[in-house]
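Residue-level structural notes
Spelled out from the first residue to the last, the chains are:
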Amino acid sequence: KEYTIIILLHTNSQKNPKNPKNQKKPKERITSQSKSRTTQKMLQKDNNKDSNSTAQAPFPVLATSISTQMHTNISPIQIPRPAVHFRDSTLSSNLASKLAGDIICACTITFGFSPFVTVIDKAIIQKAAGTHGILQSSLNSIVNIARNPGNYVKSPMFLIMWGVYASTYCTVNCLKTIMEHRDHFKEPDALGSSNDAEKFGVFAATTAINSGASMLKDKFYATHFGNATAASTVPKITYGLWGLRDCMVIGSSFILPDLFCGVLTRNTEMDRKTALTVSQLSCPIAAQFVAGPVQLLGLDIYNRPLRTLSFGAAV
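Residues numbered from 1 in each chain as written. Predicted model: local features only at pLDDT ≥ 70, side-chain atom pairs only at ≥ 80, totals over all residues. Heavy atoms only, no water.

Attention now goes to the overall build of the protein chain. Counting its regular elements, the protein chain contains 10 helices and 4 strands. Along the protein chain, from the amino end to the carboxyl end, the secondary structure elements read β-β-α-β-β-α-α-α-α-α-α-α-α-α. Contacts spanning at least 24 positions in sequence make up 80% of the contacts within the protein chain whose residues lie at least 6 apart. (Helix = DSSP H or I, 4+ residues; strand = E, 2+ residues; numbered from the N terminus. Contact = heavy atoms within 4.5 Å.)

Put into structure tokens, the structure is as follows:
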């Protein structure tokens with residue numbers, strides 16, 4: 001069989017390696033590699049000369065290959081290669097098209113579930129004001145949507161709710177896409193995972209957009225569906241409580257899942273993937289038991305001004 005043998009030439013400062021006289025050389029085929037063999041012999045002679053003037057240590061020489069006719073099994077020499085960063089050729093390098101897709105997806109999905117949220121929020125506002133019950137308000141809203149869907153889609157009640165969630169999801173999607181695009185297409189020696197500062201930046205930007213839009217939405221709903229005898233302006237403490245609510249809700253989606261995932265992996269037999277899924281589903285739901293009363297407290301302060309009451313009565 002034909003083998004391509006990597007010949008490593010080593011020289012010694014005291015004597016030159018020689019083939020035993022009684023050892024038969026393998027018959028070499030006359031191939032186009034004859035020049036390589038000639039070059040090999042010249043390199044060996046030059047290295048033998050250099051070895052006489054150097055320290056007594058083996059000197060590795062450039063490896064070359066020859067084609068010989070052999071009948072022995074020779075295992076290939078494994079040469080380590082540097083790690084190569086492979087990029088998925090199916091991923092587009094056009095960042096603008098990715099961002100456009102994120103915006104379209106966010107607006108489409110939020111357009112679908114915003115009507116349900118408007119029904120719930122309106123029922124909570126009217127219940128807090130004492131004008132309607134939860135079931136009565138919900139049924140009235142559903143009937144109005146079914147009778148006049150076109151007017152409902154153009155109404156401020158729907159548009160402002162849609163704007164809140166569309167702006168929030170557009171912000172999250174676009175920021176994550178920008179970071180993933182940068183990490184995927186940058187040079188291999190600069191690869192690295194997103195650091196805590198970048199994650200906090202996404203959290204801060206999302207909180208700012210969501211909290212600002214939610215406060216505008218809550219103000220509109222409170223003034224239009226709240227108590228008619230309520231104050232004309234929303235108190236600052238109400239805005240503060242609504243901002244605290246938004247921080248709780250967004251924090252339960254960004255920060256708490258990672259922390260709770262670590263607790264589950266340390267104290268249970270769950271793997272990280274399962275623990276993270278459980279955390280991402282349970283933390284936002286659990287946060288509502290705290291964020292819900294905070295929102296209702298802000299509405300109550302708006303609907304029932306406490307300035308004329310004593311501190312004990314207000315509490």
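Moving on, we come to the pattern of salt bridges. Scanning all chains against the criterion turns up 4 salt bridges. Across the pair Asp218 and Lys217 runs a salt bridge, and its minimum N-O distance is 2.9 Å. Comparing Asp218 with Lys217 shows no difference in burial state: the two are buried. Asp218 is the salt-bridge partner of Arg245, the closest N and O atoms lying 2.7 Å from each other. A residue pair is termed long-range when its members are at least 10 positions apart, and Arg245 in helix α7 (residues 236-254) and Asp218 in helix α6 (residues 196-225) qualify at 27 residues. Comparing Arg245 with Asp218 shows no difference in burial state: the two are buried. One salt-bridge network, in which partners are shared between bridges, spans Asp121, Lys217, Asp218, Arg245 and Asp246. (Salt bridge = Lys/Arg side-chain N within 4 Å of Asp/Glu carboxyl O. Buried < 20%, exposed > 50% of the residue type's maximum accessible area, 1.4 Å probe, protein only.)

Once that is clear, we can look at the packing of α7 against helix α9 (residues 272-303). For the pair α7 and α9, interaxial distance at closest approach is 8 Å and the crossing angle is 175°. Judged by the angle between their axes, α7 and α9 are roughly antiparallel. For the contact of α7 with α9, the residue count by class is 16 nonpolar, 6 polar and 1 charged. (Axes fitted to C-alpha atoms, helices over the stretch in contact; angles between N-to-C directions. Parallel < 35°, antiparallel > 145°, perpendicular 65-115°, else oblique. Nonpolar A, V, L, I, M, F, W, Y, C, P; charged D, E, K, R; others polar.)

Under the criterion given, the structure shown has 9 aromatic pairs. Taking 5.3 Å as the distance between ring centres and 90° as the angle between the ring planes, the aromatic pair formed by Phe111 and Phe158 counts as edge-to-face. Of the two residues, Phe111 is situated in helix α2 (residues 95-129) and Phe158 in helix α5 (residues 156-185); the sequence distance between them amounts to 47 residues. By relative accessible area, which is 37% here, Phe111 ends up partly exposed. (Phe/Tyr/Trp six-rings, centres within 6.5 Å; stacked < 30°, edge-to-face > 60°.)

So, on to the confidence of the model for the protein chain. Residues with a pLDDT of 70 or more make up 66% of the protein chain, whose mean pLDDT is 75. Confidence, expressed as mean pLDDT per element, reaches its minimum in the protein chain at strand β4 (residues 64-69) with 44 and its maximum at helix α3 (residues 134-147) with 92. Between residues 53-72, whose pLDDT stays under 50, and residues either more than four places distant or in other chains, the model counts 54 contacts. Counted against residues more than four places away or in other chains, residues 189-193, with its pLDDT under 50, gives 5 contacts. (pLDDT = per-residue confidence, 0-100.)

This brings us to the layout of surface pockets. In this structure, the largest pocket spans a volume of roughly 1500 Å³. The set of elements that each furnish at least two residues to the lining of the largest pocket consists of α2, α5, α6, α7, α8 (256-267) and α9. Classifying every residue of the lining of the largest pocket gives 21 nonpolar, 10 polar and 11 charged. (1 Å grid on protein atoms, 1.4 Å probe; cavity = no way out; pocket = protein on both sides within 12 Å on 5 of 7 lines; lining within 4 Å. Points joined across faces, edges and corners; volume = space filled by probe spheres on them.)

Before going further, it helps to spend a moment on the side chain of Ser137. Looking at the element boundaries, Ser137 is found in helix α3. Taking relative accessible area as the criterion, Ser137 reaches 1% and is therefore assigned buried. Each residue touching Ser137, except ones within four places of it in the same chain, is listed here: Lys122, Ala123, Gln126 and His132.

The next thing to look at is the nonpolar core. In this structure, Ile125, Met157, Tyr221, Ala222, Phe225, Trp242 and Leu299 are the most contacted members of the largest nonpolar core, which totals 15 residues. Where this core is concerned, the elements lending two or more residues are α2, α5, α6 and α9. Apart from residues lying up to four places away in sequence, Phe225 is in contact with Lys122, Ile125, Gln126, Ala129, Thr131 and Met157. (Core = buried A, V, L, I, M, F, W, Y, C linked by side-chain atoms within 4.5 Å.)

So, about the environment of Thr168. Inspection of the secondary structure assignment puts Thr168 in helix α5. Spatially, the C-alpha atoms of Thr168 and Cys107 are 9.9 Å apart, while their sequence positions differ by 61 residues.

Here α7 is 19 residues long and its end C-alpha atoms lie 27 Å apart, about the 27 Å a rise of 1.5 Å per residue gives. Here α7 has its buried residues at Thr238, Leu241, Trp242, Gly243, Arg245, Asp246, Ile250, Gly251 and Ser252. (Expected span 1.5 Å × (residues − 1).)

Orientation of α7 relative to α8, taken along the N-to-C sense of each, is 50°, at an axis distance of 4 Å. As far as their axial angle goes, α8 and α7 are oblique. Across the interface between the two elements, Gly251, Ser252, Ser253 and Phe254 of α7 pack against Leu256, Pro257 and Asp258 of α8. In terms of residue class, the contact of α7 with α8 is built from 3 nonpolar, 3 polar and 1 charged.

The terminal C-alpha atoms of α2 lie 47 Å apart, and with 35 residues this matches the ideal 51 Å at 1.5 Å per residue to within 8%. Of all bends in α2, the biggest is about 40°, found at Phe113, and the proline Pro115 comes one to four residues later. Immediately downstream of α2, the backbone of Gly130 shows phi near 85°, a positive value. (Bend = angle between axes of the 7 residues up to and from the residue.)

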